[in-house]
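What follows is the residue order along each chain.
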Amino acid sequence: MKAFVTGAAGFIGSSLVDRLLKDGHSVVGYDNFSTGQRRFVDDAQKSPHFRLVEGDLLDLDKVKSAIAGCDIVFHLAANADVRFGTHHPFKDIEQNLIATFNVLEAMRANGIKKIAFSSTGSVYGEATVFPTPEDAPFPVQTSLYGNSKIAAEGLIASYCEGFGFQGFIFRFVSILGERYTHGHVFDFYRKLREDPSSLEVLGNGKQRKSYLYIQDCIDAILIAVERANGKVNIFNLGQNEYCEVNQSIGWICERLGVSPKLSYTGGERGWIGDNPFIFLDCSRIRALGWTPKLSIREGVLATLEYLKANPWILEARS
Ligand SMILES: NC(=O)c1ccc[n+]([C@@H]2O[C@H](COP(=O)([O-])OP(=O)(O)OC[C@H]3O[C@@H](n4cnc5c(N)ncnc54)[C@H](O)[C@@H]3O)[C@@H](O)[C@H]2O)c1
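Calculation criteria
- Sequence positions are assigned chain by chain, starting from 1 and proceeding in written order.
- Local features in a predicted model are, by the rule used here, given only for residues with pLDDT of at least 70; side-chain atom pairs are given and counted only at 80 or more, and totals for whole chains, interfaces and linings are based on all residues.
- By convention here, the C-beta atom is placed from the backbone, and a residue is near a molecule or strand when that atom is within 6 Å of it.
- The helix count covers DSSP runs of H or I at least four residues long, the strand count covers runs of E at least two residues long, and both are numbered beginning at the N terminus.
- Residue polarity follows a fixed list, in which Ala, Val, Leu, Ile, Met, Phe, Trp, Tyr, Cys and Pro are nonpolar, Asp, Glu, Lys and Arg are charged, and the others, Gly among them, are polar.
- As used throughout, domain bounds are those supplied by an automatic or database domain assignment.
- By the convention adopted here, residues make contact when the C-beta atoms placed from their backbones lie within 7 Å.
- Only when DSSP finds a minimum of two bridges between them are two strands counted as paired.
- The axes are straight lines fitted to the C-alpha atoms, using for helices just the contacting stretch, and the angles between their N-to-C directions are given from 0 to 180°.

A. Examining the site of the ligand more closely. Near the ligand lie 28 residues; those nearest to it are Gly7, Gly10, Gly36, Ala78 and Ser118. The element contributing the most residues to the shell around the ligand is helix 1 (residues 11-22), with three residues. Partitioned by chemical class, the residues of the shell around the ligand number 13 nonpolar, 13 polar and two charged.

B. Local environment of the domain arrangement of the protein. Segmentation of the protein into domains returns domain 1 (2-175 + 212-237) and domain 2 (177-210 + 241-278 + 293-316). Opposite the 28 residues of domain 1 that make contact, domain 2 presents 20 residues. Counting residues per element, the ones that place at least two in the side of domain 1 that touches domain 2 are helix 1, helix 4 (144-163), strand 7 (174-176), strand 10 (211-213) and helix 6 (214-227).

C. Representation of the sheet that holds strand 4 (residues 72-75) in the model. What the seven strands build is an open sheet, ordered 3-2-1-4-5-6-11; its pairing is parallel. The open sheet has two edge strands with one neighbour each: strand 3 (50-54) and strand 11 (232-237). This sheet shows a mean twist of 15° between the axes of neighbouring strands, independent of strand direction. For strand 1 (residues 2-6) and strand 4, the ladder comprises four bridges, and the chain directions are parallel. Paired with Phe4 across the two strands is Val73, which belongs to strand 4. The sheet contacts of helix 2 (residues 60-67) involve strand 1, strand 2 (26-31), strand 3 and strand 4, and relative to strand 2 the element is tilted by about 170°. Its contacts with the sheet put helix 3 (residues 89-110) on strand 1, strand 4 and strand 5 (114-120), and the angle it makes with strand 4 is roughly 175°.

Listed below in C-alpha coordinates is the structure:
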(Lines give C-alpha, C1' and ligand atoms only; values in the text may rest on other atoms or scores of the structure.)
Protein backbone atom coordinates (compact mmCIF):
# COMPACT_ATOMS: atom_id res chain seq x y z
CA MET A 1 0.00 0.00 0.00
CA LYS A 2 0.98 3.63 -0.34
CA ALA A 3 0.32 5.33 2.97
CA PHE A 4 0.05 9.01 3.83
CA VAL A 5 1.14 9.57 7.43
CA THR A 6 0.43 12.90 9.10
CA GLY A 7 2.59 13.68 12.11
CA ALA A 8 5.28 11.52 10.50
CA ALA A 9 8.07 13.08 12.57
CA GLY A 10 6.25 12.66 15.88
CA PHE A 11 6.65 9.98 18.53
CA ILE A 12 3.94 7.65 17.26
CA GLY A 13 3.92 8.77 13.60
CA SER A 14 7.64 8.16 13.04
CA SER A 15 7.42 4.74 14.70
CA LEU A 16 4.55 3.86 12.36
CA VAL A 17 6.48 5.14 9.33
CA ASP A 18 9.46 2.92 10.15
CA ARG A 19 7.19 -0.10 10.57
CA LEU A 20 5.33 0.52 7.30
CA LEU A 21 8.61 0.83 5.41
CA LYS A 22 9.95 -2.32 7.08
CA ASP A 23 6.79 -4.16 6.00
CA GLY A 24 7.45 -3.18 2.38
CA HIS A 25 4.99 -0.30 1.95
CA SER A 26 5.57 3.13 0.41
CA VAL A 27 5.04 6.14 2.65
CA VAL A 28 4.53 9.86 2.19
CA GLY A 29 5.16 11.57 5.55
CA TYR A 30 3.66 14.97 6.27
CA ASP A 31 4.76 17.12 9.20
CA ASN A 32 5.24 20.75 10.16
CA PHE A 33 7.87 19.90 12.81
CA SER A 34 6.01 21.84 15.49
CA THR A 35 6.76 19.03 17.96
CA GLY A 36 8.22 16.48 15.52
CA GLN A 37 11.93 15.70 15.53
CA ARG A 38 14.11 15.56 12.42
CA ARG A 39 16.17 12.75 13.93
CA PHE A 40 13.04 10.57 14.09
CA VAL A 41 12.82 10.48 10.28
CA ASP A 42 16.55 10.03 9.63
CA ASP A 43 16.23 6.29 9.02
CA ALA A 44 13.08 6.63 6.92
CA GLN A 45 14.79 9.19 4.71
CA LYS A 46 17.37 6.62 3.69
CA SER A 47 14.59 4.58 2.07
CA PRO A 48 13.69 5.13 -1.59
CA HIS A 49 10.10 4.31 -0.59
CA PHE A 50 9.75 7.32 1.70
CA ARG A 51 9.00 10.91 0.78
CA LEU A 52 8.85 13.64 3.41
CA VAL A 53 6.67 16.68 2.81
CA GLU A 54 7.27 19.51 5.25
CA GLY A 55 4.00 21.37 5.55
CA ASP A 56 1.13 22.36 7.77
CA LEU A 57 -2.21 20.59 7.68
CA LEU A 58 -3.88 23.97 7.82
CA ASP A 59 -2.55 24.50 4.27
CA LEU A 60 -5.25 22.54 2.42
CA ASP A 61 -3.76 22.97 -1.06
CA LYS A 62 -0.47 21.55 0.11
CA VAL A 63 -2.17 18.57 1.76
CA LYS A 64 -4.20 17.93 -1.38
CA SER A 65 -1.12 17.76 -3.56
CA ALA A 66 1.02 15.78 -1.07
CA ILE A 67 -1.64 13.11 -0.56
CA ALA A 68 -2.20 12.40 -4.28
CA GLY A 69 -1.65 8.78 -5.23
CA CYS A 70 -1.89 7.37 -1.68
CA ASP A 71 -4.46 4.72 -0.84
CA ILE A 72 -4.70 4.98 2.94
CA VAL A 73 -4.20 7.80 5.44
CA PHE A 74 -2.88 7.45 8.97
CA HIS A 75 -3.78 10.75 10.59
CA LEU A 76 -1.62 11.16 13.68
CA ALA A 77 -0.70 14.86 13.61
CA ALA A 78 -2.28 16.82 16.42
CA ASN A 79 -1.71 19.03 19.33
CA ALA A 80 -1.14 16.05 21.64
CA ASP A 81 -0.95 18.08 24.83
CA VAL A 82 -3.88 17.79 27.22
CA ARG A 83 -2.56 19.70 30.17
CA PHE A 84 -2.19 23.19 28.73
CA GLY A 85 -5.42 23.21 26.72
CA THR A 86 -6.97 26.05 28.70
CA HIS A 87 -3.92 28.25 27.99
CA HIS A 88 -4.90 28.46 24.31
CA PRO A 89 -8.52 27.33 23.81
CA PHE A 90 -8.48 27.60 20.00
CA LYS A 91 -5.40 25.42 19.53
CA ASP A 92 -7.15 22.06 19.94
CA ILE A 93 -9.97 23.12 17.63
CA GLU A 94 -7.50 24.29 14.99
CA GLN A 95 -4.89 21.54 15.22
CA ASN A 96 -7.16 18.60 15.96
CA LEU A 97 -10.48 19.42 14.34
CA ILE A 98 -9.85 21.82 11.44
CA ALA A 99 -6.68 19.92 10.51
CA THR A 100 -8.73 16.69 10.44
CA PHE A 101 -11.32 18.38 8.25
CA ASN A 102 -8.53 19.35 5.83
CA VAL A 103 -7.21 15.79 5.74
CA LEU A 104 -10.71 14.50 4.95
CA GLU A 105 -11.22 17.11 2.26
CA ALA A 106 -7.84 16.35 0.68
CA MET A 107 -8.79 12.66 0.67
CA ARG A 108 -12.16 13.44 -0.92
CA ALA A 109 -10.49 15.54 -3.63
CA ASN A 110 -8.16 12.63 -4.43
CA GLY A 111 -10.63 9.73 -4.15
CA ILE A 112 -8.90 8.22 -1.09
CA LYS A 113 -11.33 6.50 1.25
CA LYS A 114 -9.49 4.80 4.13
CA ILE A 115 -8.49 6.75 7.21
CA ALA A 116 -6.95 5.57 10.47
CA PHE A 117 -7.16 8.19 13.21
CA SER A 118 -5.42 8.58 16.57
CA SER A 119 -8.11 9.55 19.02
CA THR A 120 -7.63 9.17 22.76
CA GLY A 121 -8.96 7.56 25.91
CA SER A 122 -9.44 11.16 27.11
CA VAL A 123 -12.72 11.22 25.14
CA TYR A 124 -14.29 9.22 27.99
CA GLY A 125 -13.75 12.16 30.34
CA GLU A 126 -14.25 10.81 33.84
CA ALA A 127 -15.77 7.48 32.91
CA THR A 128 -18.18 5.70 35.20
CA VAL A 129 -17.69 2.17 33.84
CA PHE A 130 -14.40 0.24 34.26
CA PRO A 131 -12.86 -1.18 32.22
CA THR A 132 -14.43 1.37 29.87
CA PRO A 133 -15.84 -0.10 26.65
CA GLU A 134 -16.07 1.76 23.32
CA ASP A 135 -19.84 2.06 23.76
CA ALA A 136 -19.67 3.50 27.28
CA PRO A 137 -22.45 5.94 28.20
CA PHE A 138 -21.99 9.07 26.12
CA PRO A 139 -19.08 10.76 27.87
CA VAL A 140 -18.94 14.21 29.42
CA GLN A 141 -15.80 16.00 28.19
CA THR A 142 -13.27 17.25 30.72
CA SER A 143 -10.60 18.72 28.41
CA LEU A 144 -10.44 20.81 25.26
CA TYR A 145 -8.18 18.11 23.85
CA GLY A 146 -10.71 15.31 24.46
CA ASN A 147 -13.45 17.50 23.08
CA SER A 148 -11.53 18.20 19.87
CA LYS A 149 -10.79 14.50 19.40
CA ILE A 150 -14.39 13.35 19.87
CA ALA A 151 -15.47 16.09 17.46
CA ALA A 152 -12.90 14.84 14.93
CA GLU A 153 -14.18 11.30 15.41
CA GLY A 154 -17.66 12.59 14.57
CA LEU A 155 -16.37 14.31 11.46
CA ILE A 156 -14.69 11.11 10.27
CA ALA A 157 -17.84 9.07 10.93
CA SER A 158 -19.86 11.61 8.93
CA TYR A 159 -17.48 11.26 5.98
CA CYS A 160 -17.83 7.48 6.21
CA GLU A 161 -21.60 7.81 6.04
CA GLY A 162 -21.73 10.65 3.54
CA PHE A 163 -18.86 9.88 1.18
CA GLY A 164 -18.35 6.12 1.53
CA PHE A 165 -15.12 6.40 3.55
CA GLN A 166 -13.93 3.64 5.87
CA GLY A 167 -12.69 4.83 9.26
CA PHE A 168 -10.47 3.23 11.90
CA ILE A 169 -10.55 5.20 15.10
CA PHE A 170 -8.13 4.37 17.91
CA ARG A 171 -8.72 5.59 21.43
CA PHE A 172 -5.29 5.21 23.03
CA VAL A 173 -4.32 5.25 26.66
CA SER A 174 -0.97 7.02 27.17
CA ILE A 175 1.66 5.51 24.91
CA LEU A 176 5.30 5.18 25.93
CA GLY A 177 8.56 3.65 24.67
CA GLU A 178 11.29 4.64 22.23
CA ARG A 179 11.01 8.23 20.88
CA TYR A 180 8.76 9.22 23.75
CA THR A 181 8.91 12.98 24.12
CA HIS A 182 6.13 13.90 26.54
CA GLY A 183 4.32 12.37 29.49
CA HIS A 184 4.98 11.33 33.05
CA VAL A 185 8.19 9.29 32.56
CA PHE A 186 9.67 12.20 30.59
CA ASP A 187 8.72 14.73 33.27
CA PHE A 188 9.93 12.63 36.18
CA TYR A 189 13.20 11.71 34.47
CA ARG A 190 13.91 15.33 33.56
CA LYS A 191 13.24 16.52 37.10
CA LEU A 192 15.28 13.74 38.70
CA ARG A 193 18.23 14.43 36.42
CA GLU A 194 18.25 18.00 37.63
CA ASP A 195 17.72 17.13 41.28
CA PRO A 196 17.71 13.47 42.36
CA SER A 197 16.95 14.42 45.96
CA SER A 198 13.38 15.64 45.46
CA LEU A 199 10.47 15.09 43.10
CA GLU A 200 7.29 17.10 42.76
CA VAL A 201 4.31 15.01 41.69
CA LEU A 202 1.21 16.60 40.17
CA GLY A 203 -1.92 15.53 42.08
CA ASN A 204 -1.79 12.97 44.89
CA GLY A 205 0.14 10.27 42.98
CA LYS A 206 -2.82 7.92 43.32
CA GLN A 207 -4.07 8.47 39.78
CA ARG A 208 -4.52 5.06 38.17
CA LYS A 209 -3.39 4.83 34.55
CA SER A 210 -2.99 2.20 31.90
CA TYR A 211 0.09 2.73 29.69
CA LEU A 212 0.78 0.98 26.40
CA TYR A 213 4.15 0.34 24.73
CA ILE A 214 4.62 1.99 21.33
CA GLN A 215 5.32 -1.17 19.31
CA ASP A 216 2.21 -2.81 20.79
CA CYS A 217 0.24 0.26 19.75
CA ILE A 218 1.59 0.06 16.18
CA ASP A 219 0.82 -3.68 16.02
CA ALA A 220 -2.78 -2.97 17.03
CA ILE A 221 -3.24 -0.22 14.44
CA LEU A 222 -1.95 -2.40 11.62
CA ILE A 223 -3.94 -5.46 12.69
CA ALA A 224 -7.14 -3.41 12.85
CA VAL A 225 -6.60 -1.80 9.46
CA GLU A 226 -5.97 -5.20 7.93
CA ARG A 227 -8.73 -7.19 9.66
CA ALA A 228 -11.62 -4.90 10.62
CA ASN A 229 -14.21 -4.47 7.91
CA GLY A 230 -16.90 -2.18 9.31
CA LYS A 231 -17.63 1.30 8.04
CA VAL A 232 -16.57 3.06 11.25
CA ASN A 233 -14.31 0.83 13.33
CA ILE A 234 -13.63 2.17 16.82
CA PHE A 235 -11.04 0.50 19.03
CA ASN A 236 -9.78 1.16 22.51
CA LEU A 237 -6.05 0.52 22.74
CA GLY A 238 -4.60 -0.16 26.15
CA GLN A 239 -3.45 -2.77 28.61
CA ASN A 240 -5.60 -5.10 30.65
CA GLU A 241 -3.84 -3.74 33.74
CA TYR A 242 -3.24 -0.33 35.27
CA CYS A 243 -0.82 1.13 37.78
CA GLU A 244 -0.78 3.99 40.24
CA VAL A 245 1.46 6.93 39.36
CA ASN A 246 3.22 6.25 42.69
CA GLN A 247 4.03 2.71 41.54
CA SER A 248 5.57 4.03 38.35
CA ILE A 249 7.64 6.49 40.40
CA GLY A 250 8.88 3.51 42.43
CA TRP A 251 10.01 1.64 39.27
CA ILE A 252 11.71 4.75 37.88
CA CYS A 253 13.53 5.60 41.09
CA GLU A 254 14.66 2.03 41.62
CA ARG A 255 16.09 1.85 38.08
CA LEU A 256 17.84 5.21 38.48
CA GLY A 257 19.11 4.29 41.95
CA VAL A 258 17.64 7.43 43.57
CA SER A 259 15.40 7.98 46.61
CA PRO A 260 13.94 11.47 46.24
CA LYS A 261 11.74 13.11 48.82
CA LEU A 262 8.32 13.18 47.16
CA SER A 263 6.06 16.20 47.38
CA TYR A 264 2.53 16.27 46.01
CA THR A 265 0.68 19.26 44.58
CA GLY A 266 -2.45 17.57 45.94
CA GLY A 267 -5.93 16.73 44.73
CA GLU A 268 -7.11 13.72 42.77
CA ARG A 269 -6.10 15.26 39.43
CA GLY A 270 -2.71 16.46 38.24
CA TRP A 271 -4.31 19.20 36.12
CA ILE A 272 -7.68 20.14 34.66
CA GLY A 273 -8.73 17.30 32.37
CA ASP A 274 -6.46 14.74 34.05
CA ASN A 275 -8.61 11.66 34.54
CA PRO A 276 -7.83 10.06 37.91
CA PHE A 277 -8.63 6.59 36.55
CA ILE A 278 -8.12 5.38 32.98
CA PHE A 279 -8.66 1.73 32.25
CA LEU A 280 -10.07 0.74 28.87
CA ASP A 281 -11.83 -2.44 27.84
CA CYS A 282 -9.77 -3.64 24.88
CA SER A 283 -11.61 -6.88 24.17
CA ARG A 284 -12.69 -5.61 20.74
CA ILE A 285 -9.12 -5.26 19.41
CA ARG A 286 -8.05 -8.43 21.26
CA ALA A 287 -10.78 -10.32 19.41
CA LEU A 288 -8.89 -9.52 16.18
CA GLY A 289 -5.89 -11.42 17.51
CA TRP A 290 -3.88 -8.61 19.12
CA THR A 291 -2.11 -8.97 22.45
CA PRO A 292 0.37 -6.48 23.90
CA LYS A 293 3.85 -7.92 24.41
CA LEU A 294 5.14 -5.60 27.14
CA SER A 295 3.63 -5.07 30.59
CA ILE A 296 3.19 -1.53 31.92
CA ARG A 297 6.31 -1.90 34.09
CA GLU A 298 8.38 -3.16 31.15
CA GLY A 299 7.10 -0.26 29.01
CA VAL A 300 7.98 2.33 31.67
CA LEU A 301 11.50 0.88 32.04
CA ALA A 302 12.05 0.68 28.26
CA THR A 303 11.08 4.36 28.07
CA LEU A 304 13.50 5.27 30.81
CA GLU A 305 16.35 3.43 29.11
CA TYR A 306 15.56 5.25 25.87
CA LEU A 307 15.60 8.65 27.59
CA LYS A 308 18.87 7.83 29.34
CA ALA A 309 20.45 6.92 26.00
CA ASN A 310 19.02 10.00 24.21
CA PRO A 311 19.48 13.03 26.46
CA TRP A 312 19.16 15.34 23.40
CA ILE A 313 15.40 14.80 23.60
CA LEU A 314 15.24 16.55 26.96
CA GLU A 315 16.79 19.63 25.36
CA ALA A 316 14.67 19.39 22.22
CA ARG A 317 11.38 19.33 24.14
CA SER A 318 12.29 21.59 27.06
N1 LIG B 1 1.39 9.87 23.01
C2 LIG B 1 0.28 9.48 23.62
O3 LIG B 1 0.33 8.98 24.73
C4 LIG B 1 -1.06 9.62 22.94
C5 LIG B 1 -2.19 9.17 23.61
C6 LIG B 1 -3.43 9.29 22.99
C7 LIG B 1 -3.51 9.85 21.72
N8 LIG B 1 -2.39 10.29 21.10
C9 LIG B 1 -2.52 10.87 19.77
O10 LIG B 1 -1.59 10.25 18.90
C11 LIG B 1 -1.11 11.18 17.93
C12 LIG B 1 0.39 11.24 17.93
O13 LIG B 1 0.83 11.68 19.21
P14 LIG B 1 2.36 11.78 19.58
O15 LIG B 1 2.49 11.41 20.99
O16 LIG B 1 3.16 11.07 18.55
O17 LIG B 1 2.57 13.35 19.46
P18 LIG B 1 3.75 14.18 18.80
O19 LIG B 1 3.59 15.58 19.26
O20 LIG B 1 5.07 13.50 19.02
O21 LIG B 1 3.42 14.06 17.25
C22 LIG B 1 2.54 14.92 16.57
C23 LIG B 1 3.19 15.25 15.25
O24 LIG B 1 2.30 16.04 14.47
C25 LIG B 1 2.99 17.15 13.91
N26 LIG B 1 1.99 18.20 13.71
C27 LIG B 1 1.25 18.82 14.65
N28 LIG B 1 0.42 19.72 14.11
C29 LIG B 1 0.64 19.67 12.77
C30 LIG B 1 0.10 20.38 11.65
N31 LIG B 1 -0.83 21.34 11.82
N32 LIG B 1 0.54 20.09 10.43
C33 LIG B 1 1.49 19.13 10.25
N34 LIG B 1 2.05 18.42 11.26
C35 LIG B 1 1.63 18.70 12.51
C36 LIG B 1 4.05 17.48 14.94
O37 LIG B 1 5.15 18.22 14.41
C38 LIG B 1 4.46 16.09 15.40
O39 LIG B 1 5.48 15.55 14.60
C40 LIG B 1 -1.80 12.51 18.27
O41 LIG B 1 -2.95 12.62 17.46
C42 LIG B 1 -2.19 12.35 19.71
O43 LIG B 1 -3.29 13.17 20.04
C44 LIG B 1 -1.17 10.20 21.68
